[in-house]
Amino acid sequence: MVSCSELVLLGAEICIATPGRLIDLLEARKTNLYRTTYLVLDEADRMLDMGFEPQIRKIVEQVRVSIVLIIYRQSVCRGSLM
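Residues numbered from 1 in each chain as written. Predicted model: local features only at pLDDT ≥ 70, side-chain atom pairs only at ≥ 80, totals over all residues. Heavy atoms only, no water.

Participant: Talk me through the nonpolar core; I want residue IDs and the actual numbers.
Facilitator: Core analysis: the biggest nonpolar cluster contains 11 residues, these being Leu 22, Ile 23, Leu 26, Leu 33, Leu 39, Leu 41, Ala 44, Met 47, Ile 56, Ile 59 and Val 63. For this core, the elements supplying multiple residues, two or more each, are helix H2 (19-27), strand S1 (38-42), helix H3 (44-49) and helix H4 (53-60). Top contributing element to this core by residue count: H2, with 3 residues. (Core = buried A, V, L, I, M, F, W, Y, C linked by side-chain atoms within 4.5 Å. Buried < 20%, exposed > 50% of the residue type's maximum accessible area, 1.4 Å probe, protein only. Helix = DSSP H or I, 4+ residues; strand = E, 2+ residues; numbered from the N terminus.)

The following block contains the structure:
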């Protein structure tokens, strides 16, 4: 089985990671975000509430200036999925 870091080294088109795992890959110089076109932060408001702002900033600082940044929050009302 191929590991996540091996796929990133091969030039993956899509990378899905937790903030901590992505920072680990960046610090190990296994990847960079210079050619990133889209950065999606799912539940970013919750990450900020939980104190992940330094990690989010560290990731966003690695992305080129012309990035399209999407911060996504899913909100489903309880009982609406009947």
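Participant: So, the pattern of salt bridges: which residues are in play, and what are the values?
Facilitator: Evaluation of the coordinates by the stated rule reveals 2 salt bridges. For Glu 27, the salt bridge goes to Lys 58, with nearest N and O atoms at 2.6 Å. Note that Glu 27 is positioned in helix H2 and Lys 58 in helix H4, a separation of 31 residues in sequence. Residue classification places Lys 58 among the partly exposed residues on the basis of a relative accessible area of 36%. (Salt bridge = Lys/Arg side-chain N within 4 Å of Asp/Glu carboxyl O.)

Participant: Talk me through the environment of Leu 39; I want residue IDs and the actual numbers.
Facilitator: Position of Leu 39 among the secondary structure elements: in strand S1. Leu 39 sits in the buried class, given a relative accessible area of 10%. When the C-alpha positions of Leu 39 and Cys 15 are compared, they lie 9.8 Å apart, and in sequence the two are 24 residues distant.

Participant: Let's hear about unusual backbone geometry: which residues, and what values?
Facilitator: Among all residues except glycine, the phi angle is most often negative; among peptide bonds, the trans geometry is most common. Positive phi is not limited to glycine here, since Arg 29 has a value of about 55°. Note on placement: Arg 29 falls in the loop between H2 and S1.

Participant: Residues and numbers for the side chain of Thr 36, please.
Facilitator: By secondary structure assignment, the location of Thr 36 is in the loop between H2 and S1. One polar contact links the side chain of Thr 36 to the main-chain carbonyl oxygen of Leu 33, over a distance of 2.9 Å. (Polar contact = N/O pair within 3.5 Å; in protein donor to acceptor, adjacent residues only side chain to side chain.)

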